[in-house]
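# Examination of the molecular architecture
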Amino acid sequence: MELEHLIDRLKMDYLGPQLDAVCEQAAKDDLGYREFLVNALSCEWQGRYQKGTQSRLKQARLPWLKTLEQFDLDFQPSIDAKVVRELTTLGFVGRAENILLLGPPGVGKTHLAIALAVKAAEAGHRILFLTLEQLMTKLKKSAQEQRLDLALQQLTYPKVLVLDEIGYLPMNREEASLFFRLIARRYERASIILTSNKSFLDWGEIFGDTVLATAILDRLLHHSTTINIKGESYRIKEKRKAGLLGKSPPPKSTAEEAD
């Protein structure tokens, strides 16, 4: 049986087009049979890996692709680089732990959340990105159509669920209850990466119910890492560099920071 036919029968879609190049390189490097086989199988594996990663990223519905290498840790010294490096090992995914990223608009919360999600996708994990508005639209529509339980079940499948922009808009009682049901469904089963512009003390206001907010936080924080990002907005920084804004504002006093 011809080698090309065997490759086709084995569905080695990525080695086939590269077979001549792999053989020529093996001859040039005077490789043995084992080394040649390693190179050939590596070619096929790399193709499958790249396709799988691209597929997972497409299904994730990320608003854009961001990497940790693009994140300027020097600009945000409030972030502990050691903590970020530990998170990139993705141990939190295996342990079904959560990551909560807090801070004012523009400090890099969403960038960091997406970058960690991309890492997870590259490691073979299924991921999904939803803003709070997208999440509420999906859950409320599912509830109206009598298929809420199915929607919640589907939202437990991703190993990493990124929930963005929690706190920018208040929730009514129905929305807060739906949010709690999702958090409870994923609790100790799969990871959530959540971004919010509000401190935990303000979550009662977000959900319109202090007791419900406490129950949500109890599950989110039980196994979690919280990163509180302080500092200036990246977008304001770029405008200032372009001369569109004045000098940086003076640092806030302790009393001002507490407000």
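Remember, it's a predicted structure, so these values are computed and weren't measured experimentally. (Residues numbered from 1 in each chain as written. Predicted model: local features only at pLDDT ≥ 70, side-chain atom pairs only at ≥ 80, totals over all residues. Heavy atoms only, no water.)

## Let's talk about the sheet that holds strand S2 (residues 127-131)
We apply this condition: At least two DSSP bridges between two strands are required for those strands to pair. Segments assigned H or I by DSSP are reported as helices when at least four residues long, segments assigned E as strands when at least two residues long, and all are numbered from the N terminus. Working convention: axes come from line fits to C-alpha atoms, limited for helices to the stretch in contact. Angles between N-to-C directions cover 0 to 180 degrees. Contacts were defined at the residue level, with two residues in contact if any of their heavy atoms lie within 4.5 Å.
One open sheet accounts for five strands, arranged S2-S3-S4-S1-S5; its pairing is parallel. This sheet does not close on itself; its edge strands, each paired only once, are S2 and strand S5 (224-228). If you compare each strand with its neighbour and ignore which way they point, the axes differ by 10° on average. Across the face of the sheet, helix H6 (residues 109-122) comes into contact with strand S1 (98-102), S2, strand S3 (160-166), strand S4 (191-196) and S5 while running at roughly 165° to S4.

## Here we look at the packing of helix H9 (residues 173-186) against helix H11 (residues 210-222)
Going by this rule: Each angle receives one of four descriptions, namely roughly parallel if under 35 degrees, roughly antiparallel if over 145, roughly perpendicular if within 65 to 115, and oblique otherwise. Crossing handedness: left-handed means the near helix sits turned counterclockwise from the far one by under a right angle, and right-handed means the same turn made clockwise. Three residue categories are used. Nonpolar comprises Ala, Val, Leu, Ile, Met, Phe, Trp, Tyr, Cys and Pro, charged comprises Asp, Glu, Lys and Arg, and polar comprises the others, including Gly.
Interaxial distance between H9 and H11 falls to 10 Å at its minimum, and their mutual angle equals 20°. Between H9 and H11, the angle is such that the two are roughly parallel. Judged by the twist between their axes, the crossing of H9 over H11 is left-handed. For the pair H9 and H11, contact is made by Arg173, Ala176, Ser177, Phe179, Phe180, Ile183 and Ala184 and by Leu212, Ala215, Ile216, Arg219 and Leu220, respectively. The class makeup of the residues in the contact of H9 with H11 is nine nonpolar, one polar and two charged.

## Considering the nonpolar core
Nonpolar side chains in soluble globular proteins tend to end up buried together. Put simply, the rule is: For the purposes of this section, nonpolar cores are sets of buried Ala, Val, Leu, Ile, Met, Phe, Trp, Tyr and Cys residues that join through side-chain atoms within 4.5 Å. Buried, partly exposed and exposed residues are distinguished by accessible area as a fraction of the type maximum, computed with a 1.4 Å probe on protein chains only: under 20%, between the cut-offs, and over 50%, respectively.
Leu62, Ile127 and Ile193 are the most contacted members of the largest nonpolar core, which has 30 residues in total. Counting residues per element, the ones that place at least two in this core are helix H3 (33-60), helix H4 (81-87), helix H5 (91-94), S1, H6, S2 and S3. Here this core gets nine residues from one element, more than from any other, and that element is H6. Formed by 29 residues, the second largest nonpolar core is a distinct cluster that contains Leu130, Leu152, Leu212 and Leu220.

## Focus on a nonpolar patch on the surface
Under the convention used in this document: Patches draw on residues past 30% relative accessible area with no salt bridge. Two like charges within 9 Å are joined, as are two nonpolar side chains (Val, Leu, Ile, Met, Phe, Trp, Tyr) within 5 Å. Using a 1.4 Å probe, accessible areas were evaluated by the Shrake-Rupley method; residue-level cover was limited to the displayed protein chains. Every case where a carboxyl oxygen of Asp or Glu lies within 4 Å of a side-chain nitrogen of Lys or Arg is listed as a salt bridge.
Taken together, the side chains of Leu3, Leu6 and Leu10 define a hydrophobic patch exposed on the protein surface, amounting to about 270 Å² of accessible area. In this structure, Leu6 sits in helix H1 (residues 3-9). Looking at Leu6, the relative accessible area reads 36%, which means it is partly exposed.

## Notes on H6
Heads up, the rule is: A helix is expected to span 1.5 Å for every residue after the first.
Relative to the 20 Å expected for 14 residues at 1.5 Å per residue, H6 spans 20 Å between its end C-alpha atoms, a close match to the ideal helical length. Across the 14 residues that make up H6, a large majority, twelve, are buried. Three or more residues of H6 are buried, namely Lys109, Thr110, His111, Leu112, Ala113, Ile114, Ala115, Leu116, Ala117, Val118, Ala120 and Ala121. After H6 finishes, the residue Gly124 shows a positive phi value of roughly 100°.

## Notes on the environment of Phe179
In this structure, Phe179 sits in helix H9. Along the backbone, Phe179 and Leu139 are 40 residues apart, and their C-alpha atoms lie at a distance of 8.5 Å.

## Some thoughts on the pattern of salt bridges
One side chain can pair with another of opposite charge once the charged atoms of both are near each other. Scanning the model with the defined rule gives six salt bridges in all. Linking Arg95 and Glu97 is a salt bridge whose minimum nitrogen-to-oxygen distance equals 2.9 Å. Look at Arg95 and you get partly exposed, because its relative accessible area is 48%. What makes Glu97 buried here is its relative accessible area of 18%. Between Glu175 and Lys140 there is a salt bridge, and its shortest N-O distance comes to 2.9 Å. With a gap of 35 residues between them, Glu175 in helix H9 and Lys140 in helix H7 (residues 132-144) connect regions that are remote in the sequence. Judged by its relative accessible area of 11%, Glu175 falls in the buried class.

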